[in-house]
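# Understanding the architecture of this molecule
Here is what each chain is made of, one letter per residue.
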Amino acid sequence: MNYETILTDIRDVLGIITINRPESRNALSRTVLAEIAAALEAFRGNPDVGVVVFTGAGEKAFVAGADINQLAGYTMLDGLSAAMATLYDSIESYEKPTIAAVNGFALGGGNELAMSCDIRIASANARFGLPETNLGVLPGAGGTQRLSRLVGKGRAVELILTGRIFEAEEALRIGLVTEVTEPGELMAAVERTAGLILAKGPLAIRLGKLVINNGSETDLRTGLLLERLAQSLLYTSNDKAEGAAAFLEKRPAKFEGN
């Protein structure tokens, strides 16, 4: 498909979505959100896509936030419809693993996009922040909730109330990202991580996401029950049979769908 505000590419089982508005630091407009949703739907049924990667065009910004020109006209109804939050919920629950390759400013909705992904890998020149309070609003696309779950309530309160921008090394230290690379090595790091994921049992990866995401939102006993049920299902799968056989035969596993 041809898009106005994003680029899509399939490269060695990576489905790459690049927000392509460098003149506005890849700001998120309604069109961007709609096109991301369309690209995700196209990747969903494509067997050539194993992992979805989000990044931004250029070197200055991953996504520098919402389009302020549109934000200025938002009303209560826009808040209730929550188009951005709804998209990010769908990314968090997406069947395939997702990685944010953060290559510059990830502010506001850009930071929230990264947080909705399973894994975040940052370039050393990346900068993060949730500065919405400067505009008299909150990070309302999951920011108040996902940030506290990733870095802890105390740190999340400080970052949201001050709205300060912080560097990649601090993001790594507090657990917001899992790796920081040199700018020219970002996509290579993403490819390495994706390769590790795709070498594993695909059903285990899918159920692992489901159990972690849903178990973290409930009490321990319910989370453990979800884990037990998922494991029971995996015990009946061809993936488990192949993984155990490969281990005993000292050979690489050849999982269905890999």
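Preceding this paragraph is the structure being described.
Residues numbered from 1 in each chain as written. Predicted model: local features only at pLDDT ≥ 70, side-chain atom pairs only at ≥ 80, totals over all residues. Heavy atoms only, no water.

## Quick notes on the pattern of salt bridges
Applying the stated criterion across every chain, the model contains 14 salt bridges. Measuring nitrogen to oxygen at the nearest pair gives 2.9 Å for the salt bridge that ties R149 to E217. Separated by 68 residues along the polypeptide, R149 in helix 6 (residues 143-151) and E217 in the loop between helix 10 (202-215) and helix 11 (220-235) bring together distant segments of the chain. Taking relative accessible area as the criterion, E217 reaches 47% and is therefore assigned partly exposed. Its salt-bridge partner being E158, residue R164 comes within 2.6 Å of it at the nearest N-O pair. Judged by relative accessible area, R164 falls into the partly exposed class, the value being 27%. Judged by its relative accessible area of 26%, E158 falls in the partly exposed class. What you see here is one network of salt bridges that share partners, running through R155, E158, R164 and E170. (Salt bridge = Lys/Arg side-chain N within 4 Å of Asp/Glu carboxyl O. Helix = DSSP H or I, 4+ residues; strand = E, 2+ residues; numbered from the N terminus. Buried < 20%, exposed > 50% of the residue type's maximum accessible area, 1.4 Å probe, protein only.)

## A short note on the sheet that holds strand 4 (residues 61-63)
The four strands lie next to each other as 4-6-8-9, forming an open sheet whose pairing is mixed. Of all the strands in the sheet, the pair left with one neighbour each is strand 4 and strand 9 (166-167). Bridge count between strand 4 and strand 6 (residues 105-107): two bridges; the pairing is parallel. Residue pairing across strands places A61 opposite F105, the latter belonging to strand 6. (Pairing = 2+ DSSP bridges.)

## So, helix 6
Those residues of helix 6 lying buried are G143, R146, L147 and V151. Across the axial projection of helix 6, the buried residues extend over an arc of 105 degrees, all falling on one side. The inward-facing, buried residues of helix 6 contact helix 4 (83-92), helix 5 (109-116), helix 7 (153-162) and helix 8 (168-174). Positive phi shows up at G152, right after helix 6, with a value of about 100 degrees. (Arc of directions from axis to C-beta. Contact = heavy atoms within 4.5 Å.)

## Things to note about the pairing of strand 3 (residues 51-56)
Across the six residues of strand 3, six count as buried, placing the element largely inside the fold. In strand 3, alternate side chains face the same way, and those of V51, V53 and T55 on one face and V52, F54 and G56 on the other are all buried. In the sheet, strand 2 (residues 14-19) pairs with strand 3 via six bridges, with the strands oriented parallel. Looking at strand 3, one finds that G15 is bridged to V52. You can see the chain leave strand 2, run along helix 1 (residues 30-44) and come back into strand 3, and the turn it takes is right-handed. Both strand 3 and strand 5 (residues 98-102) contribute to a ladder of three bridges, which runs parallel. Looking across to strand 5, one finds that V53 is bridged to I99. (Right-handed = clockwise from strand over helix to strand, strands pointing away.)

## Let's talk about the packing of aromatic side chains
For the structure on display, the rule yields one aromatic pair. Taking 6.0 Å as the distance between ring centres and 25 degrees as the angle between the ring planes, the aromatic pair formed by F128 and F166 counts as stacked. Within this pair, whereas F128 is found in strand 8 (residues 127-129), its partner F166 is found in strand 9, the two being separated by 38 residues in sequence. On the basis of relative accessible area, F128 is assigned to the buried category, the value being 0%. (Phe/Tyr/Trp six-rings, centres within 6.5 Å; stacked < 30°, edge-to-face > 60°.)

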